[in-house]
Every structure is written in C-alpha cells, then in structure tokens.
Amino acid sequence: DDMSTLQELGQNVATHIVANYPQPKYVTRDEMSGEQIEKEKELVLKTIMEKGGDAQDMEKVQKQIEGRMKKYFMENVLMEQPFCLEDDNKLTVEKL
C-alpha cells in the first residue's frame, strides 16, 4: 500500500543521508544561490588554468568545468547523489 511504500522510501533516504559521504548540504540544486555556483565555477576555472588550461581551447576547458560542476553537485545535492544502498551509480536519490 502507499503508506508502507512511503515509509520505506523515507527510511531509505534517511539511511542514505546518514551513510553517504559527503553528506548532502542541499536537497535540490535550486536551494543553492547563483553566487555559490558562480564562486565554485571560478574556483574550478582557476584550478584548470593553474594546470595549463589556458593552453587548451575553450571548448575543452568548458567541458572540464561542466564535468567538475557535475561532481560538485553530486557531492552537495541530495537529489543528485547516487543512492548509496545500490551498486548502480546511475540510480540517484531523485529516481527512487
């Protein structure tokens, strides 16, 4: 029934939050300020440039930024984290 399904989902999400490292800081990406996201992008760009990114073309640099931002969101946003009780990294908490 719906109540037991909801209860199981709640227990699974709670277990994920406690067991997962790093623990999520936000439920959804929308809870993050645009300023936070831009600050993180700037840090990522700075790191890429320090490692010789300025010698690369901007398309490659942009792909690196996108990849690192995806990882950043996976670490910090609950709904984008792979569900820790499954071996399948494609199953995110949101897809539960």
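Because the structure is predicted, anything quoted here is derived from the model rather than measured. (Residues numbered from 1 in each chain as written. Predicted model: local features only at pLDDT ≥ 70, side-chain atom pairs only at ≥ 80, totals over all residues. Heavy atoms only, no water.)

K.L.:
Would you explain the packing of aromatic side chains in this entry?
P.N.:
The geometry of two aromatic rings is summed up by the distance between their centres and the angle between their planes. What the rule picks out here adds up to one aromatic pair. Sitting above the plane of the Phe 73 ring, Arg 29 keeps its charged end 3.7 Å from the centroid. (Phe/Tyr/Trp six-rings, centres within 6.5 Å; stacked < 30°, edge-to-face > 60°. Lys NZ or Arg CZ within 6 Å of the ring centre and 35° of its normal.)

K.L.:
Got a minute to help me understand the nonpolar core in this structure?
P.N.:
Generally speaking, nonpolar side chains in soluble globular proteins are found buried as a group. Judged by nonpolar contacts, Tyr 26, Met 32, Ile 37, Val 44, Ile 48, Val 61, Ile 65, Met 69, Tyr 72, Phe 73 and Val 77 together constitute the single largest core of 11 residues. At the level of elements, helix 2 (34-50) and helix 3 (58-76) are the ones that each hand at least two residues to this core. In this structure, Met 69 is in contact with Ile 37, Glu 40, Lys 41 and Val 44, ignoring residues within four places of it in sequence. (Core = buried A, V, L, I, M, F, W, Y, C linked by side-chain atoms within 4.5 Å. Buried < 20%, exposed > 50% of the residue type's maximum accessible area, 1.4 Å probe, protein only. Helix = DSSP H or I, 4+ residues; strand = E, 2+ residues; numbered from the N terminus. Contact = heavy atoms within 4.5 Å.)

K.L.:
How should I be thinking about helix 3 in this particular structure?
P.N.:
Counted at 1.5 Å a residue, the expected span for helix 3 with its 19 residues is 27 Å, and the 26 Å between its end C-alpha atoms agrees. Where helix 3 is concerned, the buried positions are Val 61, Ile 65, Met 69, Tyr 72, Phe 73 and Asn 76. One side of helix 3 carries all its buried residues, which in axial view fall inside an arc of 110 degrees. Turned more than 90 degrees off the buried face of helix 3, the exposed positions are Glu 59, Lys 60, Lys 63, Lys 70 and Lys 71. Turning to helix 3, the residues buried within the fold contact helix 2. Sitting at the amino-terminal end of helix 3 is Asp 57, which places a side-chain oxygen 3.0 Å from the backbone nitrogen of Glu 59. (Expected span 1.5 Å × (residues − 1). Arc of directions from axis to C-beta. Polar contact = N/O pair within 3.5 Å; in protein donor to acceptor, adjacent residues only side chain to side chain.)

K.L.:
Explanation requested: the pattern of salt bridges in the structure shown.
P.N.:
Should their charged atoms come close, side chains of opposite charge can pair. Enumeration according to the criterion identifies two salt bridges in this entry. In this structure, Arg 29 engages Glu 80 in a salt bridge whose closest nitrogen and oxygen atoms are separated by 2.9 Å. With Arg 29 in the loop between helix 1 (2-19) and helix 2 and Glu 80 in the segment after helix 3, the pair connects residues that are 51 residues apart, well separated along the chain. Residue Glu 38 pairs with Lys 41 through a salt bridge whose shortest N-O separation is 3.9 Å. With a gap of three residues between them, Glu 38 and Lys 41 both fall in helix 2, about one helical turn apart. Using a relative accessible area of 42% as the deciding quantity, one classes Glu 38 as partly exposed. (Salt bridge = Lys/Arg side-chain N within 4 Å of Asp/Glu carboxyl O.)

Don't take any of this as a statement about function, it's just geometry.
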